[in-house]
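Examination of the molecular architecture
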Amino acid sequence: MNQYVKDFTIRPFGPEDINGHLAAVAASRPQLAAALSWASPAYGPNESAAWVMSRTAAWAQASEYSFVVEHAPTRTFAGSCSINRIDWPHQVGNLTYWIDSRWTGRGAATAGAMLAARFAFANLGLRRVEILAAEDNAASIRVAEKLGAVREGVLRQRLRLGGARKDAVLLSILPRELNEPAVERRPMGTA
Ligand SMILES: CC(C)(COP(=O)(O)OP(=O)(O)OC[C@H]1O[C@@H](n2cnc3c(N)ncnc32)[C@H](O)[C@@H]1OP(=O)(O)O)[C@@H](O)C(=O)NCCC(=O)NCCS
């Protein structure tokens, strides 16, 4: 897979991504902790390495599909997105994403999430992709809506973030709704 939207691409994780993942988490800790349950102050090098190294097995076991969101021209680790919590019998999956704070505001999340959702429909055969965002996470909800996701409702007290219970907005995308801005395919090895 080598697809680009607005200079950002996604690709599966490899062992070479441990340092990029760790540095991105370290640079973005307050922003991530406000939105993602795993990004606690205790999340450090061991956790980064274990998670990155677990990606290949998770993919092989068809449990989670995680991608590096990469700034293609510089091949810099910009963030991550995953299709997880897959309900295979019903062809439904969850889409999650985060971007290194040093790379936000440039369309990285929208590009990465769009490509991951496209992967979910085209490669996994899913027919519905869900996004769950804290109700006060306007940037995440905006990303989902830019993909074409439809807001379905508020799930009360659905998330626990930073020790606080939060209401969450549930959005979903069906294959026909996915906004697909011009996707450029370049051969492997080109920037
Ligand atoms: C949410 C997040 C993924 C966005 O990443 P990003 O690369 O900056 O996203 P994009 O640049 O693709 O798009 C962001 C959009 O949100 C908008 N936005 C940013 N902050 C906003 C705010 N406080 N209120 C409303 N909209 C906001 C931007 O203007 C942009 O929309 P636009 O293109 O219409 O102007 C990133 O901030 C992040 O990683 N946050 C912490 C983790 C997280 O929240 N993950 C989602 C969990 S559900």
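Here goes a summary of the coordinates provided.

Definitions and cut-offs
- Counting starts from 1 at the beginning of each chain's written sequence and moves along it residue by residue.
- It should be noted that, the model being predicted, local features are given only for residues of pLDDT at least 70 and side-chain atom pairs only at 80 or more, the latter also being counted only at that level, while totals for whole chains, interfaces and linings use all residues.
- In this description a helix means any DSSP run of H or I spanning at least four residues, a strand means any run of E spanning at least two, and both kinds are numbered starting from the N terminus.
- To get the radius of gyration, use the C-alpha atoms; to get the globule rule, take the number of residues to the power 0.38 and multiply by 2.2 Å.
- For the exposure call, what matters is how many other C-beta atoms sit within 10 Å of a residue's own: 20 or more marks it buried, 12 or fewer exposed, and in between partly exposed, using C-beta atoms placed from the backbone.
- C-beta atoms are first placed from the backbone for all residues, and any pair lying within 7 Å is then listed as a contact.
- A set of buried Ala, Val, Leu, Ile, Met, Phe, Trp, Tyr and Cys residues, joined to one another through C-beta atoms within 7 Å, is what we call a nonpolar core.
- Pairing between strands is defined by DSSP: at least two bridges between them are needed.
- Inter-axis angles, ranging from 0 to 180 degrees, are taken between N-to-C directions of lines fitted to C-alpha atoms, where helices are fitted over the stretch in contact.
- Angular relationships are summarised with four words: roughly parallel below 35 degrees, roughly antiparallel beyond 145, roughly perpendicular across 65 to 115, and oblique for the angles in between.
- With the far helix as reference, a near helix turned anticlockwise by less than a right angle produces a left-handed crossing, and one turned clockwise produces a right-handed crossing.
- Any residue outside Ala, Val, Leu, Ile, Met, Phe, Trp, Tyr, Cys, Pro, Asp, Glu, Lys and Arg is labelled polar, Gly included; the first ten of those are nonpolar and the last four are charged.
- Any residue whose C-beta atom, as placed from the backbone, lies within 6 Å of a molecule or strand is termed near it.
- By this rule, a helix spans an expected 1.5 Å times one less than how many residues it contains.
- Consider a residue and the seven residues that end there alongside the seven that start there; fitting an axis to each set, the bend is the angle between those axes.

The secondary structure content of the protein chain amounts to five helices and nine strands. Scanning the protein chain from its N terminus toward the C terminus, one meets helices and strands in the order β-β-α-α-α-β-β-β-α-β-α-β-β-β. Its C-alpha atoms give the protein chain a radius of gyration of 16 Å, near enough to 16 Å, the size a compact globule of 191 residues would have. The burial tally for the protein chain puts 36% of its 191 residues in the buried class. Contacts spanning at least 24 positions in sequence make up 65% of the contacts within the protein chain whose residues lie at least 6 apart.

A word on the nonpolar core. Counting 48 residues, the largest nonpolar core has Val69, Leu95, Ala113, Ala116 and Ala117 as its most contacted members. Among the elements that take part in this core, helix α4 (residues 108-122) stands out by supplying 10 residues, more than any other.

Time to look at the pairing of strand β7 (residues 150-161). For β7, the tally of buried residues reaches only zero of 12 residues, placing the bulk of the element at the surface. In this sheet, strand β8 (residues 164-173) lies alongside β7 in antiparallel orientation, the contact comprising eight bridges. By the bridge assignment, Arg151 is partnered in β8 with Leu171. Where β7 hands over to β8, the hairpin turn is made up of two residues, of which Gly162 adopts a positive phi near 55 degrees.

Moving on to the packing of helix α1 (residues 18-27) against helix α3 (residues 45-60). The N-to-C vectors of α1 and α3 enclose an angle of 130 degrees; their axes lie 9 Å apart at closest approach. Comparing the axis directions of α1 and α3 gives the class oblique. Judged by the sense of rotation from one axis to the other, the crossing of α1 with α3 is right-handed. Note on element contacts: α3 touches α1 through Pro45, Ser48, Ala49 and Val52, opposite Ile18, His21, Leu22 and Val25. Partitioning the contact of α1 with α3 into residue classes produces six nonpolar, two polar and no charged.

Before going further, it helps to examine the site of the ligand. The environment of the ligand is made up of 22 residues, and the closest members are Ala35, Thr104, Ala109, Thr110 and Ala138. If you list the elements that add at least two residues to the shell around the ligand, you get α2 (29-33), β5 (92-99), α4 and α5 (138-147). Partitioning the shell around the ligand into residue classes produces 12 nonpolar, eight polar and two charged.

Attention now moves to the pairing of strand β3 (residues 65-71). Among the seven residues of β3, six are classified as buried, and the element is accordingly described as predominantly covered. Pairing between strand β2 (residues 8-12) and β3: five bridges, direction antiparallel. Across the sheet, Arg11 pairs through a bridge with Val68, a residue of β3. Judged from the seven bridges that link them, β3 and strand β4 (residues 76-87) form a sheet pairing that is antiparallel.

When you line up the elements, Val92 lands in strand β5. The class of Val92 is partly exposed, set by 16 C-beta atoms lying within 10 Å. Considered as a pair, Val92 and Ser172 are 80 residues apart in the sequence and their alpha carbons are 9.7 Å apart. Not counting residues within four places of it along the chain, the set of residues in contact with Val92 comprises Asp87, Leu126, Arg128 and Glu130.

A few words on α3. For α3, with 16 residues, the first-to-last C-alpha span of 24 Å sits near the 22 Å given by 1.5 Å per residue. In the structure, α3 departs most strongly from a straight axis at Ser54, where the bend amounts to approximately 35 degrees. Listed in full, the buried residues belonging to α3 are Ser48, Val52 and Arg55. In the core, the buried residues of α3 are packed alongside β2, α1 and β3. Downstream of α3 by one or two residues, Ala62 has phi in the positive range, about 60 degrees.

Honestly, it's all geometry; don't read function into it.
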